[in-house]
Amino acid sequence: MNRLHTLSICVLLSLTSPLAMASGGGSSSSSMPSQTAPQYDPAVEFKNGVEAMKLEKFKDAERAFDKVLSANPKHPRTNFLAGLVRSAQDNFKGARRYYEKAIKYDDNLIQAHQELAIADLKLGDVDKAKLILEDLKSRASKCADTCAQAADLKAAIPAIEQVLAPAPASTPTSQITTRIDLLLADANSGDHAYFDAVALINEGHYQEAIVQLNISSQVFGPHPDILTYLGFANRKLGRLDVAEDYYRQALTASPGHLGATEYYGELMVQRGDLMGARRMLTKLENSCGFGCAQADELRRWIIAAKAKAS
């Protein structure tokens, strides 16, 4: 039977709660990801991939994660899991590509660094693996058990060292599996992180909100509500290019998402692109029918910008 060579399957067992999509969004949204309508395909495919991993149906998991990445290629956790299911099938060359992408989009995803080093070792690239190991040791030294990645660093370093110096043949594989801590085990904890993020946004603590949104994303995948608020928080921090990227991701996954449409329009106003903002307003007006708060708010932004320019 094929097995994940490093993934502790039990960590994924409870990631089975139905994922939902908010039909709206925006600044007044208070519903949580597990309570909204179940038609968001990338998030559903993310859950399907996790379910398939639980059953060790790695080809099915691979297909599911690839569907997620076709809609949202920049989601770090999905890239990481796409790499893991390829490692489980001894496709270390393919896995390496996904680990590299996961690191590109989240350099603090220590498990991806770990698995990249192990894939390099499996492919005979010992020097590359050693460089990753030294980098992780340096991070651990600077962290001194105080950073958010402390536990992952503690697990990653010996895991890589163990592959560098293979365990005796009599050692069961289960004893050398790596602890992959996905941080959140079920929808309730994912919702809790999301709820905390919304509260932090309302209080103006945007960087702290981003941390919680990323945690929630580890459970729910690239959910449009989470992507929208990641865009909002980054925009409030002045990271307009990052914010635009998140809004685009949210609208690619859910073209009618009201919150992402509103916020993207507001970003356009900030950049002086009133024509683009009006396109977003027209989209909202067509979607809302009898009107909605998102359209009203974006309209106020456009009117205020025109008044300021005149």
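Model, not experiment: these values are computed from the prediction.

J.: When you look at the nonpolar core in this model, what are you seeing that I'm missing?
T.: It is characteristic of soluble globular proteins that their nonpolar side chains tend to be buried jointly. Counting residues in hydrophobic clusters, the biggest one holds 39 residues, and the most contacted among them are Leu-213 and Tyr-229. Residue contributions to this core peak at 7 residues, all from helix H12 (residues 258-270). Counting residues in each nonpolar core, the second largest holds 38 residues, with Val-68, Ala-88, Tyr-99 and Cys-143 among its members.

J.: Would you explain the pattern of salt bridges in this entry?
T.: A side chain of one charge can pair with a side chain of the opposite charge when the charged atoms of the two come close. Taken as a whole and judged by the stated rule, the model has 19 salt bridges. The salt bridge involving Asp-120 is made with Arg-96; its shortest N-O contact spans 3.0 Å. Of this pair, Asp-120 sits in helix H5 (residues 110-122) while Arg-96 sits in helix H4 (residues 92-105), and the two are 24 residues apart along the sequence. The burial state of Asp-120 is the same as that of Arg-96; both residues are buried. Note that Glu-161 is salt-bridged to Lys-137, the shortest N-O span being 3.2 Å. Placement of Glu-161 in helix H7 (residues 150-164) and of Lys-137 in helix H6 (residues 126-143) is noted, with a sequence separation of 24 residues between them.

J.: Quick question: what am I supposed to make of H4 here?
T.: Since the α-helix advances by 3.6 residues per turn, residues separated by three or four positions end up pointing in the same direction. Spanning 14 residues, H4 covers 20 Å between terminal C-alpha atoms, matching the ideal 20 Å at 1.5 Å per step. Turning to H4, its buried residues are Phe-92, Gly-94, Ala-95, Arg-96, Tyr-98, Tyr-99, Ala-102 and Ile-103. Residues of H4 that are buried make contact with helix H2 (58-71), helix H3 (76-88), H5 and H6.

J.: Looking at this structure, how should I read H2?
T.: The first and last C-alpha atoms of H2 sit 20 Å apart over 14 residues, in line with the 20 Å expected at 1.5 Å per residue. Buried within H2 are the following residues: Phe-58, Ala-61, Glu-62, Ala-64, Phe-65, Val-68 and Leu-69. Down the axis of H2, the smallest arc covering the buried residues is 170 degrees, so these residues share one side. Each element contacted by the buried residues of H2 is listed here: helix H1 (41-54), H3 and H4.

J.: Would you explain the packing of aromatic side chains in this entry?
T.: Here the distance between the centres and the angle between the planes together describe a pair of aromatic rings. Counted by the stated rule, this structure contains 7 aromatic pairs. Among the aromatic side chains, those forming a connected cluster through ring pairs are Tyr-206, Phe-232, Tyr-247, Tyr-263 and Tyr-264. The positively charged end of Lys-101 is found above the aromatic ring belonging to Tyr-98, 5.5 Å away from the centroid.

J.: In this structure, what is going on with the confidence of the model for the protein chain? I would like to understand it.
T.: Detailed reading of the predicted model is not advised wherever pLDDT is low. For the protein chain, the mean per-residue pLDDT works out to 82, and 80% of the residues sit at or above 70. The model gives residues 34-40 a pLDDT under 50, and that stretch makes 24 contacts with residues more than four places away or in other chains. Long-range and interchain partners of residues 170-185, a stretch whose pLDDT sits below 50, account for 41 contacts in this model, where long-range means more than four residues apart.

J.: Quick question: what am I supposed to make of the side chain of Glu-115 here?
T.: Residue position: Glu-115 is located in helix H5. Side chain to side chain, Glu-115 and Gln-114 meet in a polar contact 2.9 Å long.

J.: Before we go on, may I ask you to explain the layout of surface pockets in this structure?
T.: Where empty space is left can be seen by rolling a probe of water-molecule size over the atoms. Approximately 970 Å³ is the volume found for the largest pocket. Looking at the lining of the largest pocket, the elements with two or more residues in it are H3, H5, H7, helix H9 (206-220), helix H10 (224-236) and helix H11 (240-253). Counting residues per element, the lining of the largest pocket draws most heavily on H9, which supplies 7 residues. The residue makeup of the lining of the largest pocket, split by class, is 14 nonpolar, 11 polar and 9 charged.

The rules behind each value
Residues numbered from 1 in each chain as written. Predicted model: local features only at pLDDT ≥ 70, side-chain atom pairs only at ≥ 80, totals over all residues. Heavy atoms only, no water. Core = buried A, V, L, I, M, F, W, Y, C linked by side-chain atoms within 4.5 Å. Buried < 20%, exposed > 50% of the residue type's maximum accessible area, 1.4 Å probe, protein only. Helix = DSSP H or I, 4+ residues; strand = E, 2+ residues; numbered from the N terminus. Salt bridge = Lys/Arg side-chain N within 4 Å of Asp/Glu carboxyl O. Expected span 1.5 Å × (residues − 1). Contact = heavy atoms within 4.5 Å. Arc of directions from axis to C-beta. Phe/Tyr/Trp six-rings, centres within 6.5 Å; stacked < 30°, edge-to-face > 60°. Lys NZ or Arg CZ within 6 Å of the ring centre and 35° of its normal. pLDDT = per-residue confidence, 0-100. Polar contact = N/O pair within 3.5 Å; in protein donor to acceptor, adjacent residues only side chain to side chain. 1 Å grid on protein atoms, 1.4 Å probe; cavity = no way out; pocket = protein on both sides within 12 Å on 5 of 7 lines; lining within 4 Å. Points joined across faces, edges and corners; volume = space filled by probe spheres on them. Nonpolar A, V, L, I, M, F, W, Y, C, P; charged D, E, K, R; others polar.

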